[in-house]
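Reading the structure
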Amino acid sequence: MGVLLKIILISVLVYYTVKTAFRLFLPLLGKRFEEELYRRTQNQNIKREGEVTIKYQKDKQKKIDEDIGEYTDFEEID
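Given the structure is predicted, the values throughout are model-derived calculations rather than measurements.

The rules behind the values
- Along each chain, residues carry numbers from 1 onward, in the same order as the chain's sequence is written.
- Note on the predicted model: pLDDT of at least 70 is required for a residue's local features to be given, and 80 or more for side-chain atom pairs to be given and counted; whole-chain, interface and lining totals, by contrast, use all residues.
- The basis for the side-chain values is all heavy atoms of the structure; hydrogens and waters are excluded.
- Numbering of helices and strands starts at the N terminus; helices are DSSP runs of H or I of at least 4 residues and strands are runs of E of at least 2.
- A simple rule labels every residue: compare its accessible area, found with a 1.4 Å probe on the protein chains alone, to the largest value its type can have, and call it buried under 20%, exposed over 50%, or partly exposed in between.
- What sets the accessible areas is the Shrake-Rupley method with a 1.4 Å probe; for residues, cover comes only from the shown protein chains.
- A residue counts toward a patch only above 30% relative accessible area and without a salt bridge, and it is joined to like-charged neighbours within 9 Å or, for Val, Leu, Ile, Met, Phe, Trp and Tyr, to nonpolar neighbours within 5 Å.
- The salt bridge definition used is simple: a Lys or Arg side-chain nitrogen within 4 Å of an Asp or Glu carboxyl oxygen.

**Quick notes on the overall build of the chain**
- If you tally the helices and strands in the chain, you get one helix and zero strands.
- Counting the 78 residues in the chain, one finds 0% classified as buried.
- Counting every atom, the chain has about 9600 Å² of accessible surface; 58% of that belongs to carbon and sulfur.

Here it is in structure tokens:
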């Protein structure tokens, strides 16, 4: 019975220690991550007023799968 009580007490102590450590250090890590992310985005998005950028995209052509079947042309009858 004494061993079981010791295991439970150590488990509770470890739980509260880890919980307190996360409560103290997680905001610091989050703030550091946020500052690093902000710094990276500031370096990439520097544009002057009135600057125009053109991005070209590849022409996308419709590809017809030949295994679908034949195309049948039809006429309407009145």
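Text resumes after the structure shown.
**Some remarks on a nonpolar patch on the surface**
- On the surface, M1, L4, I8, V12, Y15 and Y16 cluster together into a nonpolar patch covering about 710 Å² of accessible area.
- With respect to the helices and strands, the residue Y16 is situated in helix α1 (residues 2–44).
- Residue Y16 is classed as partly exposed on the basis of its relative accessible area of 48%.

**A look at the pattern of salt bridges**
- This model, assessed by the stated rule, comprises two salt bridges.
- A salt bridge links E36 to R39; the shortest N-O distance between them is 2.4 Å. Highlighted residues: E36 and R39, both in helix α1, separated by three residues, approximately one helical turn.
- Ionic pairing is found between E36 and R40, a salt bridge with its closest N-O pair at 3.3 Å. Taken together, the positions of E36 and R40, both in helix α1 and four residues apart, correspond to about one turn of that helix.

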